[in-house]
Amino acid sequence: KLGDAKNANFPVDDRNAVYHLGVAKGELSSRILTVGDSERALKLKKELLEDVEEEKAHRGFVIHTGKYKGVRVSIVSIGMGTPMMDFLVREGRYVVDGPMAIIRYGTCGSIKDVEVGSLAVAESSILVRRNPDFWHCENNKDHSKCSPYDISKPVQADKELVGLLKNEFESSFKDRKTVVGINASADSFYSSQGRIDPEFDDNNEQLIDTIIEKYDNKVNTLEMETFQLYHLATRSKQPIKAAAATIILANRITQAFLDNNTKVKLEIEGGRACLEALIKINLN
Ligand code: URA
């Protein structure tokens, strides 16, 4: 349990542990593999890490630090969404000295003609945000001026880390496709990913087509975290090399959904590929 927080601007406790991740300086590696699911993080730790340090679990974050092939790494589960990625990158930055590398390995939906169970590496990411003003504007004139969803410009991943990830995925998954391209992070699994929900007024029937057209059919994947990782990594004053890979769980065009056994297998094999890339990236 953390002690009382000090400093409302950037809360830390008596040990100088950050408020949400619950770790102090030295308790997180500069090489981080982040996943959404705490079960996935636990499996990866058991399967792949040695010399494991004390587990830290606080406010939905679980941190396993240990060695992969002799290199100290942290596997961190963060749950879902851009705010959780924001906590990881900002608070992680605070407790680590010097350059960092962060790889996200998650699941996603695809809006391309690609089979579920394929893998994707995100060279860049855009953000898709629901614009509440569209529904809550004062009069119809305003309403016609704004659109229900904003689609941002792309932010790039670290090129070297993307190259390493792509090589590791292509050599680990010879019988599966690895697609490399643009990812879209949305602020909802539902409305901003174009899922139709008859219970809500979402105005999103055209959204998937709009995303496809805006970026010339180069958007491969839809998920909820990568944009925030890339955006903050490129805005960090000290270097953070960031990249992301995903298992394609759902195909939004064909409506196919991956079976759980295959997903579990891909979690471990893909996690290993991510750790290989993570220990190869130069942080000097
Ligand atoms: N994660 C998402 O955010 N969307 C999907 O369709 C699948 C996984």
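Up top you'll find the structure we're talking about.
Residues numbered from 1 in each chain as written. Predicted model: local features only at pLDDT ≥ 70, side-chain atom pairs only at ≥ 80, totals over all residues. Heavy atoms only, no water.

Caption draft 1: Focus on the packing of helix α1 (residues 38-48) against helix α8 (residues 260-280). Where α1 meets α8, the closest approach of the two axes is 10 Å, and the angle between their N-to-C directions is 60°. Looking at the two axes, α1 sits oblique to α8. Helix-helix and strand crossings are classified by hand; for α1 and α8 the assignment is right-handed. For the pair α1 and α8, contact is made by Arg40, Lys43, Leu44, Glu47 and Leu48 and by Lys263, Val264, Glu267, Ile268, Gly271, Arg272 and Leu275, respectively. Its residues assigned to classes, the contact of α1 with α8 comprises five nonpolar, one polar and six charged. (Axes fitted to C-alpha atoms, helices over the stretch in contact; angles between N-to-C directions. Helix = DSSP H or I, 4+ residues; strand = E, 2+ residues; numbered from the N terminus. Parallel < 35°, antiparallel > 145°, perpendicular 65-115°, else oblique. Left-handed = near helix turned anticlockwise from the far one by under 90°. Contact = heavy atoms within 4.5 Å. Nonpolar A, V, L, I, M, F, W, Y, C, P; charged D, E, K, R; others polar.)

Caption draft 2: Quick look at the pairing of strand β10 (residues 219-223). Counting buried positions along β10 yields five of five residues, so the element is predominantly enclosed. When strand β5 (residues 100-110) meets β10, the two strands line up antiparallel, connected through two bridges. Paired with Ser110 across the strands is Thr221, a residue of β10. Bridge analysis of strand β9 (residues 178-186) against β10 gives four bridges, and the strand direction is parallel. By the bridge assignment, Ala184 is partnered in β10 with Leu222. (Buried < 20%, exposed > 50% of the residue type's maximum accessible area, 1.4 Å probe, protein only. Pairing = 2+ DSSP bridges.)

Caption draft 3: Region of the structure containing the environment of Glu47. Tracing the backbone shows Glu47 in helix α1. A relative accessible area of 52% means that Glu47 is categorised as exposed. Along the chain, Glu47 and Arg272 lie 225 residues apart, while their C-alpha atoms are 9.1 Å from each other.

Caption draft 4: Structural view of the side chain of Ser192. With respect to the secondary-structure elements, Ser192 resides in the loop between β9 and α6 (207-214). Side-chain polar atoms of Ser192 contact the side chain of Asp187, separated by 2.4 Å. Setting aside its immediate chain neighbours within four residues, Ser192 contacts Val128, Arg130, Tyr149, Ala186, Asp187 and Leu207. (Polar contact = N/O pair within 3.5 Å; in protein donor to acceptor, adjacent residues only side chain to side chain.)

Caption draft 5: Inspection of the packing of aromatic side chains at higher detail. Going through the model one piece at a time under the given rule, you end up with seven aromatic pairs. Seen in terms of ring centroids, Tyr105 and Phe169 are 5.8 Å apart; in terms of plane orientation they differ by 55°. Their pairing is tilted. Taken together, the positions of Tyr105 in strand β5 and Phe169 in helix α5 (residues 159-172) put the pair 64 residues apart, joining distant regions of the chain. The pair formed by Tyr105 and Phe169 is uniform in burial state, with each residue classed as buried. Note on Phe134 and Trp135: the rings are 5.0 Å apart at their centroids and 80° apart in plane angle, and the pair reads as edge-to-face. In textbook terms, an aromatic cluster arises when at least three aromatic residues are bridged by ring pairs, as seen for Tyr105, Phe169 and Phe173. Positioned over the ring face of Tyr94 is Lys25, at 5.1 Å from the centre of the ring. (Phe/Tyr/Trp six-rings, centres within 6.5 Å; stacked < 30°, edge-to-face > 60°. Lys NZ or Arg CZ within 6 Å of the ring centre and 35° of its normal.)

Caption draft 6: Spatial organisation of the side chain of Asn204. Checked against the element boundaries, Asn204 lands in the loop between β9 and α6. In contact with Asn204, not counting residues within four places along its chain, are Tyr149, Tyr190, Ser191, Gly194, Arg195 and Ile196.

Caption draft 7: Here's a closer look at the nonpolar core. Among the nonpolar cores identified, the biggest contains 66 residues, and Leu33, Ile103, Tyr105, Leu165, Phe169, Tyr230 and Leu275 are the most heavily contacted of them. The element best represented in this core is α8, accounting for eight residues. Ranked by size, the runner-up nonpolar core spans 17 residues in total, among them Ala184, Ile208, Tyr215 and Val219. (Core = buried A, V, L, I, M, F, W, Y, C linked by side-chain atoms within 4.5 Å.)

Caption draft 8: Focus on the site of the ligand. With respect to spatial proximity, the complete set of residues near the ligand consists of Thr107, Cys108, Gly109, Phe189, Gln193, Arg195, Leu222, Glu223 and Met224. At a separation of 3.5 Å, an oxygen atom of the ligand approaches a polar backbone atom of Gly109. A distance of 2.8 Å is found between a nitrogen atom of the ligand and a side-chain nitrogen or oxygen belonging to Gln193. Relative to its unbound accessible surface of 230 Å², the ligand loses 94% to contact with the protein. Counting residues per element, the shell around the ligand draws most heavily on β5, which supplies three residues. Each residue belonging to the shell around the ligand can be placed in one class, and the counts come to four nonpolar, three polar and two charged. (Near = heavy atom within 4 Å. Areas by Shrake-Rupley, 256 points an atom, 1.4 Å probe, with all protein chains shown as cover.)

Caption draft 9: Region of interest: the pairing of strand β11 (residues 240-251). With respect to burial, β11 is a largely interior element, twelve of its twelve residues being buried. Two elements, β5 and β11, share eleven bridges in a ladder whose sense is parallel. The residue of β11 that forms the bridge with Ala101 is Lys241. Here four bridges tie strand β6 (residues 119-130) to β11, and the two strands are oriented antiparallel to one another.

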